[in-house]
Structure formats: C-alpha cells, structure tokens
Amino acid sequence: MKDIKGIVVFASLFLQVLSAGALGAEQVAIQGGTILPISGAAIENGIVLIENGKIAAIGRNVAVPMDVRSIDASDKFVMPGLIDVQSRLFVIESEFNEGRSIAPELNILDGLDPFIKEAPEVAAQGVTAVYITPAGRSLIGGSGAVLKLNGSNDVGRMLLKGDIAVKATIGVSANNQSSSLGRLAQYSSIREALLSTKIYMHQREKHAREMAEYNKKRAEYEKKKQVRPTEKVEKPKRPDRFRPNPTREVLAKVLSKEIPLQIEAHRVTDILNAIRLADEFGFTLILDKCTEGYLVADEIARSKADVVLGPVTVSFVETPRLEYRNHDVRNAAILSKRGIKLALGVSGRDGASSKFVALAASIAVANGMDKDLALRAVTLTLAEILGVADRIGSLDVGKDADIVILSGHPLDTLSRVEMVLIEGKTVFERKDKQ
Amino acid sequence: MKKRRFLSFLVILCSSFCLLSSGGEPQTLAIRAGKIWTLSDGVITNGVIIIDNGKIQAVGENIDVPEGAKVLDMPDMNVMPGMIDAYCHIGLSVNVQREIDETVAAVAADMQILDAFNPHSDDVKKALRSGVTTIMLAPGYRNPVGGQPAVVKLDTSKADGWVLKRTAGVDFSVMNQALMFDREPTSRAGLMEMLREELDQAKAYKAEEFNPRREVLKRVVDANLPAYIWAHNVDEIASALTIVDTYGLNAVLVAAGQGDEVADMIAKRNLPVIYPPLLLSSRDKDLRRAGKIAGSGVKLAFSSLAPKTDLYDLRTSAILAVKYGLDKETALKSLTINAAEILGVSDRLGSISQGKDADLVVLKGEPLQLTSSIELVMINGNIVYQRQEE
C-alpha cells in the first residue's frame, strides 16, 4: 500500500513538473547552503542557476532573474546527484543472461523492466542515475547503459547513454566452486574471441582495400568502354561479398578503442589476466569489482586501467561466496592511494540496494579512503570512467541539473535527502520535515 | 590540527609498543580521551579511564593518574565499550551457507558450536578491526534444535580465558527454513510437535538416565538456560511465543524481522530480540522496523550473522536503524550493554564502568558516525588491534 502511495506521489510529481516544463523555459535558482560542486572547492552561500534543465551559472555572485522558481537551501548541502555504477535496478530479477557464452552484441536495454517499483525509493536517497550491465554469468555478456531515475517508464527517456562498455567476466564461479583450470579456460575463451576479432578486422580491412581497388578498376573500365565501346576490355571481377558478423563487429569496436572492455575479476590471477589481455590487445580496460585488487595495487596502477570497485562490504552481496573470500573493506582506500582512477559501486543483491551509494562511500572513508576522493568516486570520477562526464557527475555550467539537496554532509549517514532534481525538475521532495 | 593529530598518533604508537612489549605483566594504564561513551554514565568529555590488571578501575572527568601508570593520550578520540555481535558464525571455515548447520539430526541439542571454532581464523582479526570484542558464536536456523551457542571474547590468540560461556543457551528454530523434504520435520505443525515432545521428555528427565541431549534441554525447560529462538515472520514469532508460554522458557527471539508488527506481544512477555543485520533484509526492505520494535519497549541487540553479512557492518546496522527512526542512545546500548545483558555477561562487559573488563574501542569520530575509523581495540587492557595507514 505504502509503495503504491509512493509511486503515485512520484508519478504525480513527475507529471506536475512535465506540465510546468511545457510552459516554457523554466528557471530554477537554488540559493544558500554549502555547494559541493565536486569538480572544485566547496562554495559557501552559493547559488546554482538552472535554465532548461542545465546548469546556467554557479557561484557566490550569480545574478538571479526576477521570476525564477527559488529553492531555499540555506544550512543545507547541495551536490550533484549520486550514481550507482554497479546497479541491478530495472534488471528483471530472474535475469541470468545467456549462459557462459560470448555475446557482446546483446544490449542490456533490451532486457529491462522500467516499471520497477523500487526506482523512486532509490531516487529518494539522492541517486539520480544508475549504470547497469549484463550480469556476470556470460564470459562476454553485452553492453551496459547509464539510465536516469527521472520517473519515466520509457527506457528511451531514461537513457543517458548506451554502449558504455562491453561487459566481460573472468573467474566467477557459477556454483560457488572453483577450479583454476576452469578459470583459465574462461580467460582463454575471451582471448580467443578477441584474437578471432583481430583476424576478422584484418579480413574486413583487406576486403575494404579490395573493394576500393575494384571500384577504381571498375571506374576505369566504364570509362574505357565509354570512350572506345568496340574495344574488348576485360571486366574487373568483384571481390566476394563480406558478411559482417555482429559479435565481431562489437568486439572490433573494443579493439579499436571505441568502447572500453569492462572485465569483472575478483581474484588476483583473474585481475592480472584481465590486465594481460589489455596489454596484448590494447583495448581500454575497466576493471570491475576488483575484490583482491589491494593485493596487486602496483600492477593495476601500472596498467592505467580504471577500476569500478564494489561491493565495499560483502554485506551487500549473497555470501559466503568464493569470489569474496579475501574481500577487505580497505580495498578502495589502498587502490585510491596508488592514484588509481576509481569509482565506487554498491553491487547490491537487488535493485533497491542502489539507495546505499552514499553509505558505501562512507564505509570506504571509515577505512582510510580520502573523503573528497570517495565523493568523487560516486559522482565525477565515475562519470569520467563511463564517458558521461560531459553531462553528469559535477555541478558545472552546461551540465545537466541533476542535483541533490541534503540536510547535512552527504557522507554523514544521518543526513537526510531533502530534494532531488533531475534536469531541473523535482523528482523527490521530503515531506516529513521537522 | 594535523600536527596535533600526528602527535597523538605518535603517542599512541609509542605507548602501544610499550604495552605490546610488556607482555603479560600486570600494569596500570590510563587512557585520556576526548569523549568517553560509558553507556552507564553518559558521555564524559576529556575524561580518564584507569585500567588495572585488565579491569576498569575508575572512569571520570577528574581522576588522578596513579604514579607509574602508562598513559595513552588521545584528546581527539572517542572511546566506547567493545561492541558485541549477538549472533554470528565466524571462524567456522564456512564457504557455503548449508555448512553452518548439521542437518542430519533435527534435534542437535548436545552439539556445541565451540567445537567447530578456529580461534586463529582470519575472521577473528577482521572482527577486531571492526571494533567487535565479544561475539555469540551460534548455530544456524535449519534445525528445530540447533545446538549450544557460546559467548566468546575475541582475544582468542591467548591460550585460555576467552570463552565466557561454552553453553550460552540452546538454539531453536521455528522458521520455515528448518523444514526439509528429506528429514523430519517437513511441516510447521510437525516442527512444533517435535519441539513439544523434546521439551516434555526433557521435563521428565532424571539425572540417572544420563542423556546429554535431555540434560541440556532440562536446563532450558527449568528456565536455567536461555532458549534462543529463531523466528522471522509474524507467524513464526507466534509459534515461538506459543512454545515460550507453554513451557515458561527464559527466551530470546532471534531475527524477528517482522517483530514490529507484534511488538506489543513480545514486549508483554519481556522477550529481548537479537535483530538481523539491516543490510541483509532486502526482502523486508522497511528499515524502520528495528526502531519500531525498540520503541515498543523491547530490548534489542544487533547481530551480523557473519559470514552472511560483513561483521564490519554490525555498527552500520545500528547507524542505519538510527537513520530510520531508532533512538541514538538505544542504538549504542544495543551494540554494547543491552547485548551484554541479553547474553548474560553484563557483569563483565558492555559499559565503561568500574570493575568491568577493559574491552574498549577507540574511534576517530563519534561511534554513530559511519565515517569514523576504528583506530584501536583493546581486550582486557591489551591492544589487540591498531590501525595503520596504508
């Protein structure tokens, strides 16, 4: 019952703002309080001016036009919306993806339930966007996407960016049993897929060259025929048709660095194997989960791979599981101190867990991670790693006005989220204000 | 500020080296701290704790430090009693859930969980890092009678002295998870009947029969030994209450995730509740339940059920409960003194007061602030964990 009420409030709020938006260019000014832009130092008593859903101005001396909608944030904290980089939100619960296969052409967007009822609950904790990928059962499982929690039930409207990265998995045991050889086989299957993609790309290139040559010869032939129609000229032979392969096409994008390969790896050997693959094939590597990363921090730092780390504590996942045997709450602190570019995710057992983004960052801080870096890890750094920092992740002029207003510092678990805006529109407002 | 922090760190470091190197030598120790959360006498600002022979000799604001005492000066730090995890399964080399329980016999009253505990397990170090100094090591919920939980202090690297109670009670379960298709009971009615039969027979037990299983259950029906009863849903709680009423048991409810819905019934019988970890309850997503139960006057302790959740998150549970409505003081008590009372060890543990064991946690920041790091942990006045910068 309560859930339904929540949805109704959420939906009606959404409709309200939709109709308000339809009236014309809405301007919103958030005034007062402590602004944490994340991209720079905190601004006390600042103003964020929003125009057409984008941040138009930010700072202490911003001229606020007369007829704007004003939001009083004095004594509050204002920051960019939080993002869960390891979310299961909108993913159908029974989703296991297509077995242990190589299926990079799959797209997570095709397997979502946008009507899921937990989304408002997550947004109410200041989370404005989630990154979702195919689950870790396939070796290469398809591409992930960033969605906004803007209350829409239309995936197209929620979508911020698709094809963020192709997700792969090394060394996750399906039945909680482990075999070194089994994990080696997974690694070599991925390697094989990349090798055949290399061959494929070579053939594609060769075909393109041959086609170019053919087109040239064909043009010459047509010309000759036109000038001297009677002379016998040999007609050039068209090369065989090239059949594009969807699997290889996606992996070709990975190998030509258009899309990163995000590899879920927990154990030391699997992490090192992921790095080895990146070294061999030269793709952009995002290390996912990275449970035992703290044991090979130097190797990861040297590889220049970005890390999407989580869960910060195993409480978020079904345990005990072998992958998390050597899990350590200090992992994030140790990796970030080596200068590794790091995003923190919840990696929860269900969609609703995404509401714990700030909590996860706080636990990382308690275990030695720098406060600013931890906040960046759930906003700007995360957006940079996913290639969406032009739109979200910080409060800067020109970016989407995805903003959270809190009663206290975001890393203080007892702070309450007062208001959440997505593209300038209020998607959550706290009712029981004391 | 930074410099001061560094200095205090140095002081802690130097003095702790002295402490560590002093071995078992009985010695007087004085801790000066910014805030002492006594849990018996409120919060003392800039207070002193005097520890002698592993026991707290005095605590207060203006206390003279005895001559020759080692002094730990920590003006920026908060000190609280060691936290108590009222229900967990650590150190049992468990890789998958089903290994927690022996499910061959449905009534395993004579099984002692301590026999499966590895005192040198890495889990213990992890627990200490989390500020947990005492645990109740317990069987799971898959047997109607699961065995005997133990209360253990986590200075388990010592040869002895760390077992507070080898038999802390008997673990029961009236949950659906105790039903199995290939061994009795297979139904809830069957489960209840089985429990009644066991307890009736225990009631009639005579010492000359010599049956260890009956003997321990006899102590339970005589209310000399607590019954820890697993019950999560309201219907399971109702079943548990039936058993408690029928036999007049001295009982503690374990889990009671939906306990808020029948909180008055639990409160009326004066039953304490050992609450499950808040990050675990993804099915019962309502995080306000813990606060509601405690609000009805039920005494609460928290548990990690580790390895089901990270033992680190025992404190996270309390903080989340506060975020969703639990009173702050009750939350802190639930981590310490209330847990000690529920487990029957409050004569030695749970608060920083005279005569109790010097089991202390030093935090940089307040205990209910999740970002506060655990800097130092002490059991019986000995440092068992000290945080190092990575």
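Just so it is clear, the structure is predicted and the values come from calculations on it, not from any experiment.

What follows deals with the overall build of chain B. Secondary structure assignment for chain B yields 10 helices and 17 strands. A buried classification covers 55% of the 390 residues belonging to chain B. Put simply, of all contacts in chain B between residues at least 6 apart along the chain, 68% involve residues at least 24 apart.

Turning to the overall build of chain A, a few remarks are in order. For chain A, the count of helices and strands is 11 helices and 20 strands. Projected onto the principal axes, the alpha-carbon positions of chain A cover approximately 90 × 60 × 45 Å. The long-range share in chain A, meaning contacts at least 24 apart out of those at least 6 apart in sequence, stands at 70%.

This part is about unusual backbone geometry. In this structure, the amide linkage connecting G310 of chain A to the following residue, P311 of chain A, adopts the cis form with an omega of 0 degrees. With respect to the element layout, P311 of chain A can be found in the loop between β16 (306–309) and α8 (331–337). P307 of chain B follows A306 of chain B through a cis peptide bond whose omega is 10 degrees. By the secondary structure assignment, P307 of chain B is in the loop between β14 (300–302) and α8 (314–323). Even without being a glycine, C290 of chain A presents a positive backbone phi close to 55 degrees. With respect to the helices and strands, the residue C290 of chain A is situated in the loop between β15 (285–289) and α7 (297–303). Its 28 C-beta neighbours within 10 Å are what place C290 of chain A among the buried residues. Positive phi outside glycine occurs at L39 of chain B, with the angle close to 70 degrees. Within the secondary structure, L39 of chain B sits in the loop between β1 (28–37) and β2 (43–52).

On to the sheet that holds strand β10 (residues 170–173) of chain B. All names here are of chain B. On the basis of which strands lie adjacent, the open sheet formed by six strands has the order β7-β10-β11-β12-β13-β14 and mixed pairing. Each having just a single partner strand, β7 (145–147) and β14 make up the two edges of the open sheet. Recorded for the sheet is a direction-independent mean angle of 25 degrees between the axes of neighbouring strands. Note: strand β12 (residues 251–255) against strand β13 (residues 273–275), two bridges, orientation parallel. Pairing of V254 across the sheet is with I274, part of β13.

A few words on the pairing of strand β13 (residues 166–170) of chain A. Within a regular strand, side chains alternate between the sheet's two faces. Residue and element names in this part refer to chain A. Counting buried positions along β13 yields five of five residues, so the element is predominantly enclosed. Of the two faces of β13, both are covered, the one formed by V166, A168 and I170 as well as the one formed by K167 and T169. Pairing of strand β10 (residues 140–143) with β13, which is carried by three bridges, proceeds in the antiparallel orientation. Bridge pairing links I140 to A168 in β13. Where β13 lies against strand β14 (residues 261–265), five bridges are found, and the strand directions are parallel. Paired with A168 across the bridge in β14 is I263.

With that settled, consider the domain arrangement of chain A. Residue and element names in this part refer to chain A. Entries for chain A in the domain assignment read domain 1 (1–79 + 394–434) and domain 2 (82–180 + 245–392). Each side of the interface is counted separately: domain 1 has 23 residues, and domain 2 has 26 residues. Of all elements in the fold, only α1 (2–22), β18 (403–406), β19 (417–422) and β20 (425–429) reach the threshold of two or more residues within the side of domain 1 that touches domain 2. Of all the elements, α1 adds the most residues to the side of domain 1 that touches domain 2, at six residues.

It is worth spelling out helix α6 (residues 268–281) of chain A at this point. All names here are of chain A. The end-to-end C-alpha separation of α6 is 20 Å, in line with the 20 Å expected for 14 residues at 1.5 Å each. Inspection of α6 places D270, I271, N273, A274, I275, L277 and A278 among the buried residues, and these make up the whole buried set. For α6, the secondary structure elements touched by its buried residues are β13, α4 (180–227), β14, β15 and α7. G282, located one to two residues past α6, shows a positive phi value of around 70 degrees.

This part covers the interface of chain B and chain A. Residue-level contacts link 24 residues of chain B with 28 residues of chain A. No other element matches α8 of chain B, which puts four residues into the side of chain B that touches chain A. A breakdown of the residues in the side of chain B that touches chain A according to their chemical character gives 10 nonpolar, eight polar and six charged.

Let us now look at the sheet that holds strand β9 (residues 127–132) of chain A. All names here are of chain A. Read across the sheet, four strands follow the order β8-β9-β11-β12 without closing on themselves; strand pairing throughout is mixed. Each edge of the open sheet carries a strand with a single partner, namely β8 (82–87) and β12 (159–161). Between one strand and the next, the sheet's axes are offset by a mean angle of 30 degrees, whatever the strand orientation. Strand direction decides the pairing type here: β8 and β9, joined by four bridges, are parallel. Pairing of L82 across the sheet is with V127, part of β9.

Here is what the cut-offs are and how they apply
- Residues numbered from 1 in each chain as written.
- Chains lettered and ligands numbered in written order.
- Predicted model: local features only at pLDDT ≥ 70, side-chain atom pairs only at ≥ 80, totals over all residues.
- Helix = DSSP H or I, 4+ residues; strand = E, 2+ residues; numbered from the N terminus.
- Buried ≥ 20, exposed ≤ 12 C-beta atoms within 10 Å, placed from the backbone.
- Contact = placed C-beta atoms within 7 Å.
- Pairing = 2+ DSSP bridges.
- Axes fitted to C-alpha atoms, helices over the stretch in contact; angles between N-to-C directions.
- Domains from an automatic or database assignment.
- Expected span 1.5 Å × (residues − 1).
- Nonpolar A, V, L, I, M, F, W, Y, C, P; charged D, E, K, R; others polar.

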